[in-house]
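What follows is each chain in one-letter form.
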Amino acid sequence: MLHRSLIKQYMCKISCLLLLCFFIICQAKAVNPKYVILITIDGMHAGMVTEPEMPSPFLKMMKREGIFVEKVKGVPPTATYPSHTTIATGALPIHHNIYYNAPFVFNKDSVVSYWYADSIKATTIWQVAKEAGMKTASLFWPVSTGSRWIDYNVPEFWSVKRVSNQLDYIKPYCTPKGILEELEANAVGRLNWTTFSAGSINRDARTAYMANYIMNKYQPNLMTIHLTTTDYAQHATGMNSEETKMTVASADNAVGLILENLKLTHRMDSTTVIVCGDHGFTNIEKALAPNVWLAKAGLLSERPGGEWKACFHGNGSCMFLYLKDDNDKKTLKQVEEIIGKLPKETRDLFRVVSREELIQLGGDPKVALAIEPKLGIKVITQRTGEDVVSKKGGSHGYFSGIDPTTFIVYGCGIEEKGKVIDTIRQIDIAPYVMHLLGIDYKFADGELPQALLE
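Residues numbered from 1 in each chain as written. Predicted model: local features only at pLDDT ≥ 70, side-chain atom pairs only at ≥ 80, totals over all residues. Heavy atoms only, no water.

### Considering unusual backbone geometry
The general pattern is negative phi for most residues beyond glycine and trans for most peptide bonds. Note the threshold: In DSSP terms, a helix is any run of H or I states spanning at least four residues, a strand is any run of E spanning at least two, and both are numbered starting from the N terminus.
Along the chain, P76 connects to P77 via a cis peptide bond; the corresponding omega equals -10°. Counting through the fold element by element, P77 comes out in the loop between strand 2 (67-73) and helix 4 (80-89). Between T175 and the following residue, P176, the backbone shows a cis peptide bond with an omega angle of -5°. Its place among the elements puts P176 in the loop between helix 7 (166-170) and helix 8 (179-188). Not every positive phi belongs to a glycine, and F106 is a case in point at roughly 60°.

### Some remarks on the pairing of strand 11 (residues 369-373)
For clarity, the threshold we go by: Burial classes: relative accessible area under 20% of the type maximum marks a residue as buried, over 50% as exposed, and values in between as partly exposed (1.4 Å probe, protein chains only). Here, a strand pair is defined by DSSP locating no fewer than two bridges between the strands.
Most of strand 11 is tucked away, with five of its five residues classed as buried. Taken together, the three bridges between strand 9 (residues 318-323) and strand 11 define a ladder with antiparallel strand orientation. If you follow F320 over to strand 11, its bridge partner there is A370. Looking at chain direction, strand 10 (residues 350-354) and strand 11 are connected through five bridges and run antiparallel. Paired with V352 across the two strands is I371, which belongs to strand 11.

### What to know about the side chain of K171
This is how the line gets drawn: Identification of polar contacts relies on pairs of N or O atoms within 3.5 Å, with a donor-acceptor requirement for protein atoms, meaning one able to donate a hydrogen and the other able to accept it, and with residues adjacent in sequence counted only if both atoms are side-chain atoms.
With respect to the helices, strands and loops of the structure, K171 is situated in the loop between helix 7 and helix 8. A polar contact is formed between the side chain of K171 and the side chain of D168, at a distance of 3.0 Å.

### Structural notes on the sheet that holds strand 12 (residues 377-379)
The criterion, for reference: Interaxial angle, 0 to 180 degrees, is taken between N-to-C directions of lines fitted to C-alpha atoms, where a helix line uses only the stretch in contact.
Pairing in this open sheet of three strands is mixed, and the strands run 12-7-13 from one edge to the other. The open sheet has two edge strands with one neighbour each: strand 12 and strand 13 (388-395). Strand-to-strand twist across the sheet, computed as the mean angle between neighbouring axes with direction ignored, equals 40°. Relative to strand 12, strand 7 (residues 282-288) runs parallel, the two sharing three bridges. Within the sheet, the bridge partner assigned to A287 lies in strand 12 and is K378.

Here is the structure:
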């Protein structure tokens, strides 16, 4: 009898210990990372991670040991500036106000981009983190110039006029004052067109060194980083060229430098690293020039700045029709008739997107209609010559999801290593970043993606 009593007491103690261990494990799983580093590789698509011939050992390792999302559903158009702003706001363009890389400037050549943070009309992840008492940092993120919510900021910004050194030009726009000079002195050396030119592999590595210096000295809780090189190569040579593979290796190396630094400084266990793209890419064979149709019909001057009634504004692979008078139904009908009378071989190269569909997708409500080319076709803005021309290289910026980007999460808080998810929405990235930092915030359109939590 005594023997049975002792056994029951022993079993009860074991049960209590097991329950205690289970509680401790659950509590450990609920711990949020102290730091989140969000890296975008411009033009990143799943093949950069999954294809064996792509030189991306660090991204492949992150996929094996983290969570991998094959496709990210983007916003219209899937272009750098609207996409980066969606990532940073959890909002569609119709709510964050960044519809293109460059604004439509009424039949004039656009020489400016949406550089300034005050152009954004939605709350950003930097603001939410900052208001929660956290430190923030950002390197070369589009539409971040002048953001008061970023403590350490080197924005994507440049002079539209020729200057001797673009990096010197942007120094007054970096915060805090002197931060870029500090990075040159302590992390990367003198920056100029040979050591940090757009599209060069120098730029990716030096951006990583900047990130590591800021992380080590200032320890921001949220850091956003934009790596650009892969976009340039894919536009020029397509998705699978040797040049593109070299830039994939460059971006992968930059990610590796950041991961190595986290391990060397013993922060990997308290940091979650996200690597994603702003858009993917497609290979192209032809280009479509819809403004040729308008110029021939007398609705648009052959040179920017002249008389006009209608004009297509291009971004990525899509064209957006603006009317000089938003209520000019006669001109809109004329444009629709011009499109309807095109030769079948031309008309088969694209589809017309109505204003209603574009608004539903989150695009600019001022657009009268849009043109989305089919796979293998891009758009160009020329107004004279042939309306369809041969064109090799790569493109992006569609509505229909034929150029999806991808997403990897690695590091602190990842419970199920090697998990693969089919799809998430780009608008849901911001809520996920805030969730990792332990902040509950309702963004304009995005919601917490449950697939990443299950």
